[in-house]
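So you can see what is in the structure, the chains are spelled out below.
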Amino acid sequence: MPIYTYLPTLNMTTKGAMGYSLVQLLRILYTESKLEVIKCLRLPAFSSSILSFPLIVYIVCGVLIDIDVQEIRADHYWLVAASSIGMIGTSLFGFGVYIAIERGQGWLLLKRVSPLPVYIHFLAKAFMAMVFCALITSLLVGISLIFGSADLGIQQIFVLIVTQMFCSLPFCMLGLVMGCAVSANSAHAIVNLIYLPMLFLSGIIVPYTYFPPWLQSVAHYLPSFHSVQLALSAIDASNSVNIFLHISVLIVYTIVLLGIGVMVYKKMENV
Amino acid sequence: MNLETHSPIDSVVIRVSDVTKRFSNQVALDRVSFEVKAGANCVLLGPNGAGKSTLLNLLAGALQPSAGQISVLNNSAGHPATRRQTGVMLQISGVPQTLTVAEHINSFRSYYVQPLSFTEVIQLSQLGGLEKKKYSALSVGQKQKLHFALAICGRPSLLFLDEPSSSLDVQSRLQLWEQIDKLRANSCTFVVSTHDFQEAEHLASHVIVFHEGNIILNGTPEDLRANFADSRISCDTSLDPRELIKLPHVKRVEKIGNLTRLFVNEVENTVRHILSEDSSTSQLEIKCATIEDAYLHLLTHTEHDN
């Protein structure tokens, strides 16, 4: 047996709870985020469905039919509605369903036993969702500028994209809760059970102003309603003046769902 | 190629004390205790459901013990400092399908402070030429090699392998063992769970046999073979079987036609004795005791005792 000298490998300059410096963490986060985006882009079932659904909604409702929306410019409304459909879909399916699948296949377990801080893995998924939000919104804006009648300035477009990216956070957290709580086999079905009613009840598919008053009050409790109102405000198309209310509701949803997600994850981890 | 990892000489790298693991009402491991020394190749054997994979998951920090203590590399199992020095190859059914071999390896390499170079990982895991292939395009054996690559890419001083060669062809399996030997020669410690007795014969320097959540044997392969399996010596000799049975280490003697068959737990001295007493001895054939023989014998006895 050869003789080796004991040289601890962990005497690097310390750096944080996991022993990484901030630069190292950011480098890992960048690599993980890039791979998450590449992974989803190369997955036709994911990228095509996530991109095509909002495009179809916008082209049909906003360009071809130009369905009227009370008190709001229809083309602007449908642009925001379609990008919100994409944003919520990416967050719930790209984040939530994939966590459930990774759990089922053992990939999350392999990540957990590796030195990677697991929150980096989840953050990378959130960045992936944000990138897809930006991509979908940019595509829709491009279509609206070419084929539709929307007139948006550069600043409005930028604010809309950034708003949609940050509005994805509460839905990513909802995805985290579901991804850690439900099995891989049932994740898709359960996410659909939440996704489609949420789109309807928050007035994305059918404009909220058409709802009877009692249904309008339901919408006020949903994060999707507030994200749509915030996105409409971003392009000056909302009648709502409560921007801070929308932001506050979305922040509260993000924090509460993150807390629940962490609890569910810890419970899963401490088996 | 610099593969050297650093482990304390003769130090205990794994210490498991009175560990119990329960899932609801089912006891998967029942007050298990053992130690693994640095540089050892500890092979876990046992029938399905005996607790081997549960133990590997506990050692890797993927599960928490219901009772008892686990120390891995002087830290608790799953401690960040431990995870940076260990590599884990689990029986997993899926890795992201659309990423390439190179992307997976580089992603895992980025988690470690001093990872092996990309070329070293590719060489050790025999994935040369497959770097640009997506995971979905790999064969089952190639996928297994990638799982091994992900386990070793951090230059670990301790590796947990769950049935590492289960999907490999004969040649790949031999190559894998060669790479394990190479890593072990560089002071890497292994804990391997396997059902493959050839693998156990080749790799083990320390064997732990599990049965229904308990350790029924903890020792060297030699201990296992010496205590639970007999080697067999067949020969054509004029020596009297009644004299042969009196030899030390001879447990049983059979006479079948011209052939005398001796069941022994020590071969060399017995053969030497036979040849010195009867130089005309012919048709000498020796079948050494195997881990498989000993394991089956041990398991049968344990079940009988229960």
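Residues numbered from 1 in each chain as written. Chains lettered and ligands numbered in written order. Predicted model: local features only at pLDDT ≥ 70, side-chain atom pairs only at ≥ 80, totals over all residues. Heavy atoms only, no water.

1. Digging into the overall build of chain B
- In terms of regular secondary structure, chain B is built from 11 helices and 14 strands.
- Residue burial in chain B is summarised as follows: out of 306 residues, 54% are buried.
- A sequence separation of at least 24 residues applies to 67% of the contacts in chain B between residues at least 6 apart.
- Only carbon and sulfur atoms are counted for the fraction: they give 45% of the accessible area of chain B, which is about 13,200 Å².
- Between the centroid of the 28 positive side chains of chain B and the centroid of its 33 negative side chains there is a distance of 7 Å. (Helix = DSSP H or I, 4+ residues; strand = E, 2+ residues; numbered from the N terminus. Buried < 20%, exposed > 50% of the residue type's maximum accessible area, 1.4 Å probe, protein only. Contact = heavy atoms within 4.5 Å. Areas by Shrake-Rupley, 256 points an atom, 1.4 Å probe, with all protein chains shown as cover. Lys, Arg positive; Asp, Glu negative; His and termini not counted. Charge placed at Lys NZ, Arg CZ, Asp CG, Glu CD.)

2. Observations concerning the confidence of the model for chain B
Residues and elements named next belong to chain B.
- Residue-level pLDDT values for chain B average 88, and 96% of them are 70 or greater.
- Mean pLDDT in chain B bottoms out at helix α11 (residues 291-305), which sits at 80, and peaks at helix α3 (residues 101-109), which reaches 95.
- The model gives residues 1-8 a pLDDT under 50, and that stretch makes 33 contacts with residues more than four places away or in other chains. (pLDDT = per-residue confidence, 0-100.)

3. Brief notes about the pattern of salt bridges
Residue and element names in this part refer to chain B.
- Under the definition given, this model contains 17 salt bridges over all chains.
- Here Asp230 and Lys251 are joined by a salt bridge, their closest N and O atoms 2.9 Å apart. Placement of the pair is Asp230 in the loop between α8 (221-228) and β11 (231-236) and Lys251 in strand β12 (residues 250-256), with a sequence separation of 21 residues.
- For Asp230, a relative accessible area of 29% puts it in the partly exposed group.
- Of the residues examined, Lys251 reaches a relative accessible area of 43% and is grouped as partly exposed. (Salt bridge = Lys/Arg side-chain N within 4 Å of Asp/Glu carboxyl O.)

4. Side note on the pairing of strand β9 (residues 206-211) of chain B
All names here are of chain B.
- Here β9 lies mainly inside the structure; 6 of its 6 residues are buried.
- Residues His206, Ile208 and Phe210 point to one face of β9 and Val207, Val209 and His211 to the other, with burial holding for every one of them.
- Across 4 bridges, strand β3 (residues 41-45) lies against β9 in parallel orientation. Among the inter-strand pairings, Leu44 is bridged to a residue of β9, identified as Ile208.
- Hairpin connection between β9 and strand β10 (residues 214-219): a loop of 2 residues separates the two successive antiparallel strands, and Glu212 in this loop has a positive phi of roughly 50°. (Pairing = 2+ DSSP bridges.)

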